[in-house]
Structure formats: structure tokens, C-alpha cells
Amino acid sequence: MASGGGGSCDPLAPAGVPCAFSPDRQAYFALASTDGHLRVWETANNRLHQEYVPSAHLSGTCTCLAWAPPRLQAKESHQRKKRKSEAIGMSDQIDLLALGTAVGSILLYSTVKGELHSKLTSGGHDNRVNCIQWHQDSGCLYSCSDDKHIVEWNTQTCKVKCKWKGDNSSVTSLCISPDGKMLLSAGRTIKLWVLETKEVYRHFTGHATPVSSLMFTTIRPPNESQPFDGVTGLYFLSGAVHDRLLNVWQVRSENKEKNAVMSFTVTDEPVYIDLTLSENKEEPVKLAVVCRDGQVHLFEHVLNGHCKKPLTSNCTIQIATPGKGKKSTPKPIPILAAGFCSDKMSLLLVYGNWFQPTIERVALNSKEPHMCLVRDTSNCWAPKVETAITKVRTPVINAEAKVLVPGIPGHHAAIKPPLPHTEEVESKRKLGGNEVSIEERLGAMDIDTKEGKDDLLQTNSFPVLLTQGLESNDFEMLNKVLQTRNLNLIKKTVLRIPLHAVIPLLQELTKRLQGHPNSAVLMVQWLKCVLTVHASYLSTLPDLVHQLGTLYQLMESRVRTFQKLSHLHGKLILLITQVTASEKAKGMTSPGQKAKLVYEEESSEEESDDEIADKDSDDNWDEDEEEKESTKDEDVDEENEDDEAEAKEENGGDGAGAIEKELNGDSDLDPDNESEEE
């Protein structure tokens with residue numbers, strides 16, 4: 001099964017590249033790469049057998065491919081025995097290869113002739129072809145497309161036999177039943193059609209995403225006692241985009257069961273699927289699934305009814321490069337496709353890159369759950385093309401032939417001298433030898449040796465460069481022109497540019513105005529000149545508002561904040577002037593004069609403390625003198641105590657008051673008297 005990716009950017013497109021093994025002993029492997037080339041490889045010796053490039057390989061890339069069945073090729077070979085020139089043995093009957101394209105056409109390529117056999121276009125599809133299936137007996141071709149239709153083609157007449165609507169959305173996959181009477185089609189839901197009447201026989205639930213693969217897995221029903229109508233009781237497999245489950249469905253006589261009977265789980269989206277058909281109820285189905293992560297999952301299971309739990313793979317195969325050195329780590333090599341050989345005990349693996357894939361036959365070991373093959377693909381880059389097929393010939397050049405270099409007037413190019421012998425190469429150049437000067441060499445090449453001015457762009461070349469840069473979107477060329485600061489040069493350039501370049505120039509200026517402010521200053525000069533010089537032309541454009549809407553919004557958003565910025569600018573200027581004035585005032589030095597009086601706050605405090613201490617000491621000395629006098633008075637009073645006892649008793653209060661007054665008078669006058677005496 002080939003997955004029809006075809007390099008599409010659609011997120012719901014299948015992953016991978018269209019590829020398929022030939023049905024006859026898998027002798028060839030066809031691959032349609034993303035560049036539109038069809039390459040056919042020989043699986044035995046890993047050699048490129050043929051390469052075909054369609055005429056519309058870029059616009060109509062290949063999206064799917066399918067080999068013609070061997071029965072059909074045997075019939076065609078039997079009819080061709082009349083012509084001796086086209087008589088080909090049965091071993092080489094790998095003839096037709098159908099290619100579906102992205103534009104809706106189908107190409108039939110003959111691998112025997114190495115050329116296009118026919119083309120199916122008239123009355124077919126209008127959109128991308130998603131899948132192609134050959135009928136085993138009738139020689140018809142069935143195709144489905146994004147235009148929601150299924151087409152039955154007659155390959156002999158290259159005309160449409162029948163065309164009908166297959167689904168409400170795009171039909172992505174097809175499969176023909178083993179007896180050739182039924183057709184499976186799938187978009188998101190799966191339908192089983194009767195080919196004779198083109199009516200729907202059964203409906204199935206399908207997947208949430210577009211189905212990318214449909215394949216019948218059994219030929220006979222599990223219950224062989226009941227009569228077999230060709231399709232009832234058979235199992236088929238389906239896989240979808242971005243879905244890690246492969247569902248198995250069974251065709252039943254009643255139309256009640258629409259869900260899958262079992263499913264297989266894989267690690268990533270399936271890219272390529274191959275299987276071996278089960279011919280009886282006891283023979284298991286072998287399934288090889290290549291995932292987008294580059295691994296191959298092998299399943300082996302007997303299909304005998306429902307299974308609720310998804311089945312995991314029996315064996316996983318990976319390929320990696322050998323790690324060279326201690327620090328280097330092995331890197332995985334993606335596996336592109338895998339197909340069972342005729343003995344069902346070995347597998348053909350296609351791995352590497354799409355340009356030069358490596359094809360290898362690997363024996364299967366059912367006991368190992370995981371196989372990691374170490375392969376070195378560093379020397380497998382050069383493709384090996386069969387000499388009988390290629391038409392490219394290398395011209396033989398004699399020693400007398402002259403090589404003319406294009407681009408020089410008159411082709412007066414210097415003839416390349418023959419390669420020197422090894423002896424001449426080994427000989428060193430002698431010092432002081434006669435050598436040809438650069439001027440003589442340029443004269444021999446017939447090139448003008450006049451000295452030119454500096455390599456500066458002239459005024460008349462600016463409009464040409466600007467127009468070419470806008471058409472080719474060359475960033476360097478546009479920078480050379482738009483980075484100029486000469487206003488006169490800008491005006492002359494804008495005057496001389498053609499009118500069809502005015503709108504692209506405005507769009508380029510709009511893009512650059514949204515960038516760095518330094519470049520925006522230059523772009524404003526260009527924008528002013530363009531709007532003033534070409535105002536009359538711009539006013540005649542009907543869709544000018546739509547084309548210059550971004551520029552208008554940009555200017556409006558810039559001007560909207562201008563008033564706030566001006567207020568902020570004024571406040572900042574005021575603050576800056578005040579700060580600078582204060583800094584200048586701090587920086588001014590006082591004139592060099594000696595101070596007459598210096599007041600020091602700390603020393604004055606110390607002096608005041610000393611004075612206070614001196615006063616305290618003087619007061620203490622006065623108090624001592626007073627105490628001495630008071631003691632003398634007491635002694636005198638004690639001596640005259642007896643004499644004056646009566647007087648004290650009579651005038652006790654007056655005497656006490658007199659004593660207190662006397663004492664107070666003494667205390668008040670003593671310091672003054674002492675100071676006067678001093």
C-alpha cells in the first residue's frame with residue numbers, strides 16, 4: 001500500500017511519499033519523490049532501473065501510484081507475441097504503472113518501453129487524485145479524488161466507463177474485493193459498493209480523520225460450512241491520517257454491525273502497510289506497518305471474531321548508524337517501506353533517503369520482540385544508473401578543441417592550457433624569473449583595463465535598481481537604494497520610477513516603517529516624496545484605501561501619541577534644566593579669601609561644657625565657706641546659750657527669722673563680695 005502524500009501542505013494529507021513494490025516477485029520498487037520524478041529501483045542489486053520526469057512534474061506532482069496486476073500484463077504479453085520487436089518473456093512482464101497527479105489527470109507509464117504509454121484526462125477528475133486501484137480481470141482502473149467522485153476507466157480506450165459520487169466529502173482510499181465484484185471506498189466513513197449496479201451494499205463507521213489505506217486481509221470466510229457469496233464474512237483493514245490504530249472490520253450478511261471487530265496499535269501514523277492474505281481460518285494474518293517515526297511493527301494474529309483490547313506488535317524493527325568513536329551516538333535511519341517476500345519468512349526493507357534508498361532483505365525471527373539493525377549509509381549517496389537506460393552522454397574533448405567562454409565580446413577568451421605534468425608541478429618557481437604581468441594577461445583576455453571610478457551607484461541606475469528590487473524582492477538591492485540620505489537623489493529616483501512600481505514601493509516602505517526607528521527616519525523621506533510626486537496617480541486608484549490601509553493605521557497610531565509625548569517632552573526638559581542648574585550651583589567654587597571668624601559647632605559645645613564645670617566648682621567653694629561660718633556662729637550661740645535662753649524663748653520666731661535672713665543675706669552677698677575682692 002502506497003501512501004499518497006506527494007509533498008502536500010494539507011495537515012490532513014497522508015504522510016510519506018507514494019511508493020509500491022511490483023506484484024511479480026517484488027523485483028522492482030517504484031517511488032514518486034516530491035520533486036515530481038518517478039524512479040524505479042531494482043530490489044535485487046539496489047540499482048536505479050529507470051527514471052521518468054513528467055512534463056508537468058512541478059504543477060501536477062504525483063500523489064499516488066499503483067502497479068498493474070500480473071494477470072493483466074500476461075494477457076497483454078499474449079497479444080503482443082505477433083510483433084517480434086515487442087516479444088518479451090514472462091519474467092519481464094512488469095509493464096504498466098499508473099500515476100495519479102495533483103491536477104486530476106492519470107498517467108500510464110510503461111516500464112518496458114521506458115516512456116509514457118497513455119494519459120487519462122477527459123471526463124475524469126477536477127481535483128487531486130487520492131488513490132488508484134487496478135481490477136484483476138477486466139483491466140479497468142478505478143480512481144477517487146477530492147472532487148467526491150469515483151471514476152471507472154477503460155485503459156484500452158482511455159475513456160471513462162462510469163463516474164458516480166462516492167461521498168459528501170473527498171474520497172481518499174479504494175480497495176477491490178478478492179472476487180472483483182465489490183469495491184470499498186472511504187473518506188471518513190467506509191462504504192462497500194456493488195460494482196455492477198454502483199449501489200451501496202454496506203456502511204461502516206470509519207475513522208475521525210480521512211482514511212489513508214484499505215486492504216482485504218482474508219480470502220475465505222472463517223465459517224466455511226455456510227455458502228460463500230464472495231464478500232460476506234471477509235475481514236478488511238483500514239488506517240487513517242493521524243490515527244495510531246489500525247481497525248479490522250468484518251463484512252456481515254446483516255447490516256447491523258457497523259463497528260470494528262478488533263484493532264492494532266502502533267507508535268505513530270502508518271505510512272506504508274503490507275500484509276499476507278489468510279487463505280483459511282487457521283492461517284494467521286501477517287501485517288507489516290511502517291510508521292512515520294521510521295519503525296516497522298510486525299503483527300501476526302488469527303482473525304476469529306471480536307477483540308476489545310487493541311493488539312500490540314509482536315516484533316519491532318529499527319535501523320541505526322554505528323557510533324564512530326566514544327563520544328558519537330548512533331543516529332536512527334528511517335525506514336521508508338517494507339514488504340513481505342514470497343516465502344512469507346523474510347522482509348524487504350527500504351530505508352535511507354528518498355533520493356537514494358537502500359533496499360535490503362531481512363530474515364524474520366519471531367522470538368525477538370525488538371530488532372535493531374546497524375547499517376552505515378554514508379557511502380550510499382551516488383545513484384547507480386543502468387547504462388542501457390540513460391540517454392546522457394559525456395562529450396569527448398580533444399586536445400585541439402578550444403573552449404569559448406560566453407559573455408565576453410567576440411568570445412576572445414584565453415584558451416585553457418593543458419594540465420601540466422607532475423614533474424612541472426613539482427618544480428618550484430625560481431626567484432627573479434620572467435613572469436607575465438597582470439596587464440598583459442588582461443590584454444590577452446581582451447578586457448578593458450581602464451581605471452574606473454569608485455563603484456558607486458549612479459543617479460540614473462537608482463530607478464532601475466529600485467524597480468528590479470521590488471519585482472524580485474531582493475533585500476540587498478533594496479537596501480542599497482533605500483539607505484541613501486541625499487534628499488535630491490530621493491526626489492529624482494521617485495520621479496523616474498514607473499507607475500506600476502509605486503504601490504509596491506509604498507508597501508515596502510510600510511513594512512520598513514514598522515521596523516527599527518533609525519530606518520523609519522529614512523523611510524519617512526521616501527514616503528513624503530512618493531505621496532507628493534505621485535499624488536495624482538494615487539488618487540485615480542479605486543482600491544487605494546484597501547491597499548494603503550496598513551500605512552494609514554500605522555500613521556494614525558504614531559500620531560495619536562504625539563500630544564502625550566510632547567507633554568512628556570516638556571516636563572522632561574523642565575526637570576533636566578533644574579537638575580543641570582543645581583549641578584552647576586554645586587560645582588561653583590568660593591573665592592580664595594581667608595575667613596575672619598570660623599564658627600565650629602563641636603568645639604563651642606566643648607567650651608560651654610568647661611565653663612559650666614568652672615561655675616559649678618565656684619559654687620561649691622562658696623558653699624564650703626558658708627558652712628564654715630555657720631559652724632562658727634553655732635559655737636558662739638552655744639557659749640551664750642544660757643544667757644540668751646530667755647530671750648530666745650520670748651522672741652523665738654523673730655530670732656529664727658532674723659537668723660534665716662542673716663543667712664540668706666550672707667549667701668547672696670558672699671559671692672558678690674568675693675568677686676569684688678578678686
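What you see is a predicted model, and the numbers here were worked out from it, not measured in a lab.

Asker: Explain the UniProt feature "repeat: WD" (unreviewed entry) in the protein chain to me, using residue names and the numbers behind them.
Answerer: When the UniProt feature table is mapped onto this chain numbering, "repeat: WD" (unreviewed entry) sits at residues 122–157. A helix fraction of 0% and a strand fraction of 50% characterise residues 122–157, whose end C-alpha atoms lie 11 Å from each other.

Asker: Provide a residue-level description of the pairing of strand S29 (residues 370–374), including the pertinent values.
Answerer: The alternating pattern of S29 places Met371 and Leu373 on a buried face and His370, Cys372 and Val374 on a face that is not buried. Sheet topology note: the strand S24 (residues 315–320)/S29 ladder contains 5 bridges and is parallel. Directly across from Ala320, in S29, lies its bridge partner Val374.

Asker: Report on the packing of helix H4 (residues 461–472) against helix H6 (residues 487–496), specifying residues and quantitative values.
Answerer: Relative orientation of the contacting elements H4 and H6 amounts to 60°, with a least axis distance of 8 Å. Here H6 runs oblique to H4, going by the angle between their axes. Considering only the axes of H4 and H6, their crossing is right-handed. Residue-level contacts link Phe462, Pro463 and Leu466 of H4 to Leu489, Thr493 and Arg496 of H6.

Asker: An account of the pattern of salt bridges is requested, with residue identities and associated values reported.
Answerer: Here the structure, examined in full by the defined rule, presents 12 salt bridges. In this structure, Glu51 and Arg39 form a salt bridge, with 3.5 Å as the shortest nitrogen-oxygen distance. In this pair, Glu51 is assigned in strand S4 (residues 47–52) and Arg39 in strand S3 (residues 38–42), connecting sequence segments 12 residues apart. On the basis of relative accessibility, which here comes to 39%, the residue Glu51 falls in the partly exposed class. The buried category is assigned to Arg39, whose relative accessible area is 5%. The shortest N-O distance in the salt bridge between Lys161 and Glu152 comes to 3.8 Å. Note on Lys161: relative accessible area 49%, which makes it partly exposed.

Asker: Got a sec to walk through unusual backbone geometry? Specific residues and values, please.
Answerer: Even without being glycine, Lys148 reaches a positive phi, approximately 75°. Structurally, Lys148 is set in the loop between strand S10 (140–145) and strand S11 (149–154). Overall, the relative accessible area of 34% leaves Lys148 in the partly exposed class. The phi angle at Lys198 is positive, at roughly 60°, despite the residue not being glycine.

Rules behind the numbers
- Residues numbered from 1 in each chain as written.
- Predicted model: local features only at pLDDT ≥ 70, side-chain atom pairs only at ≥ 80, totals over all residues.
- Heavy atoms only, no water.
- UniProt positions renumbered as here; feature names shortened; annotations may be inferred.
- Helix = DSSP H or I, 4+ residues; strand = E, 2+ residues; numbered from the N terminus.
- Buried < 20%, exposed > 50% of the residue type's maximum accessible area, 1.4 Å probe, protein only.
- Pairing = 2+ DSSP bridges.
- Axes fitted to C-alpha atoms, helices over the stretch in contact; angles between N-to-C directions.
- Parallel < 35°, antiparallel > 145°, perpendicular 65-115°, else oblique.
- Left-handed = near helix turned anticlockwise from the far one by under 90°.
- Contact = heavy atoms within 4.5 Å.
- Salt bridge = Lys/Arg side-chain N within 4 Å of Asp/Glu carboxyl O.

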